[in-house]
Amino acid sequence: MDAALQTTGLRKVFRGGHVALRGLDLEVPRGSVFGYLGPNGAGKTTTIRLATGLLRPTAGSVRVLGLELGRDPDRIQERIGYLPGRFVAYADLTVSEYLTYLSSLRGSVEPAVVDRLLERFEVDPGRRIAALSHGNVQKVGIVQAFMHRPDLVVLDEPTTGLDPLMQQEFLALLLETAQRGGTVFLSSHVLSEVAAAADTVAILREGALVTTSTVTDLRSRMVRRWDLAFLDTVPTELLRSAPGVEALTVQGRVAHLTLVGPADELLRRAAPYGVENVTTHEGDLTEVFLRFYDREEQSWPA
Ligand SMILES: Nc1ncnc2c1ncn2[C@@H]1O[C@H](COP(=O)(O)OP(=O)(O)OP(=O)(O)O)[C@@H](O)[C@H]1O
């Protein structure tokens, strides 16, 4: 089956000559929650604006739900939901008036679905948009993106301003969307948000893909810190040469090391020497991501 979103050689050069995307080949499988990560200015929003038809590419093409973008814009618009990075709604309308207006444009919106989303995100439909807090406006943005049960939802930094409870609710909504066969494309520079929701992540940097990987695979590459206490002496060289072992130091009968990947070979080697105790310190996915970046970029991701 066609991908939910596919870009081929997608290139965007802005006026003034700035190259925002350098020939991007991206494939977002249907039914996935696909995380799109990258530091500020990497080109995430540009990708999304190209994928939703708001910008025209300099070169390359975009297919959405099997349709060539640009050929059949109305058919595509009906089937995608979009939450822009800076969501704004008509300030003078109430939430309900605004969503009714959007529903009339889109068609095929069931009022019961809208009501359920409003309830779920605790948005008062009678309030004027102008009177809502930033987080509540964002929740209206989420409701409008999901209310027509789209086949593809494109979300640009969606959790800005959401409190932790609402973030949980939002996460649940993403997973339910994938379960009913929908696809979620989630752009963010917040690693923890993407790791919690996504099954696949693409990492973008300076307009080019650094890697595309499943979250499971990234987790398997997590760096874990281990302390191995031996009954007698530490078999230092044997441990040092085990696959994935890095930064080994020994203090008395205890070996401290970091381990990347599976532990089976390390344990197999250590066992005959009498292991008294093992302590592991949970790894940090951030470290895996930072391996894709230079040292000076270590302020990212969050
Ligand atoms: N309309 C425009 N005209 C000129 N340059 C632009 C325009 N829009 C974006 N850019 C530039 O293109 C690059 C990519 O921007 P983009 O907004 O896609 O990045 P991003 O990954 O979404 O970043 P952020 O996380 O900060 O939102 C940046 O260098 C940006 O300054």
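It should be noted that the structure appears before, not after, this text.
Values in this document were obtained by computation on a predicted structure and should not be read as measured data.

1. Quick notes on the sheet that holds strand β5 (residues 67-68)
Turning to step 1, where the next piece is worked out: Read across the open sheet, the four strands follow the order β2-β1-β4-β5; overall the sheet is antiparallel. Strand pairing shows two members of the sheet lacking a second neighbour, β2 (19-28) and β5, which therefore form its edges.
Turning to step 2, where the next piece is worked out: Pairing geometry for strand β4 (residues 59-64) and β5, over two bridges, is antiparallel. Looking at the pairing, R63 lines up with E68 of β5.

2. As for the environment of R120
Turning to step 1, where the next piece is worked out: Structurally, the position occupied by R120 is in helix α4 (residues 111-120).
Turning to step 2, where the next piece is worked out: For R120, a count of 17 C-beta atoms within 10 Å gives the class partly exposed.
Turning to step 3, where the next piece is worked out: Residues R120 and M166 lie 46 residues apart in sequence; the distance between their C-alpha atoms is 8.9 Å.

3. Structural notes on the site of the ligand
Turning to step 1, where the next piece is worked out: Within the structure, the ligand sits among 13 residues, and F14, N40, K44, T45 and T46 are positioned closest to it.
Turning to step 2, where the next piece is worked out: Among the elements that line the shell around the ligand, the one with the most residues is helix α1 (residues 44-51), at three residues.
Turning to step 3, where the next piece is worked out: Considered class by class, the residues forming the shell around the ligand number three nonpolar, nine polar and one charged.

4. Some details on the pairing of strand β7 (residues 152-156)
Each regular strand carries side chains that alternate between the two faces of the sheet.
Turning to step 1, where the next piece is worked out: Burial of β7 is extensive: five of the five residues sit out of reach of the surface.
Turning to step 2, where the next piece is worked out: Of the two faces of β7, the one holding L152, V154 and D156 and the one holding V153 and L155 are both buried throughout.
Turning to step 3, where the next piece is worked out: Pairing geometry for strand β6 (residues 80-83) and β7, over four bridges, is parallel. When the bridges of β7 are listed, G81 appears paired with V153.
Turning to step 4, where the next piece is worked out: Examined bridge by bridge, β7 and strand β8 (residues 183-188) share five bridges and lie parallel to one another. Bridge assignment links V154 to a residue of β8, and that residue is F185.
Turning to step 5, where the next piece is worked out: In this view, the connection linking β7 to its parallel neighbour β8 by way of helix α6 (residues 164-179) has right-handed handedness.

5. Structural notes on the pairing of strand β9 (residues 200-205)
Turning to step 1, where the next piece is worked out: Most of β9 sits out of view: five of its six residues are buried.
Turning to step 2, where the next piece is worked out: Where strand β3 (residues 33-37) and β9 come together, four bridges link them in parallel fashion. Bridged to G35 within β9 is V201.
Turning to step 3, where the next piece is worked out: Bridge count for β9 against strand β10 (residues 208-214) is six bridges, and the pairing is antiparallel.

Cut-offs and rules
Along each chain, residue indices are assigned from 1 in the same order as the chain's sequence is written. Side-chain atom pairs in this predicted model are given and counted only at pLDDT of 80 or more, local residue features only at pLDDT of at least 70, and totals for whole chains, interfaces and linings cover all residues. One requirement defines pairing of two strands: DSSP has to find at least two bridges between them. Per the convention used, a helix needs a DSSP run of H or I reaching at least four residues, while a strand needs a run of E reaching at least two, with both numbered from the N terminus. Any residue whose C-beta has 12 or fewer other C-beta atoms within 10 Å is treated as exposed, any with 20 or more as buried, and any in between as partly exposed, C-beta atoms being built from the backbone. Any residue whose backbone-placed C-beta atom lies within 6 Å of a molecule or strand is treated as near that molecule or strand. Asp, Glu, Lys and Arg are counted as charged, while Ala, Val, Leu, Ile, Met, Phe, Trp, Tyr, Cys and Pro are counted as nonpolar; the rest, among them Gly, fall into the polar class. The handedness of a crossover follows from its direction of travel: if, with the strands pointing away from the viewer, the path from the first strand over the helix to the second runs clockwise, the crossover is right-handed.

Functional significance is not addressed by these values, which are geometric in nature.
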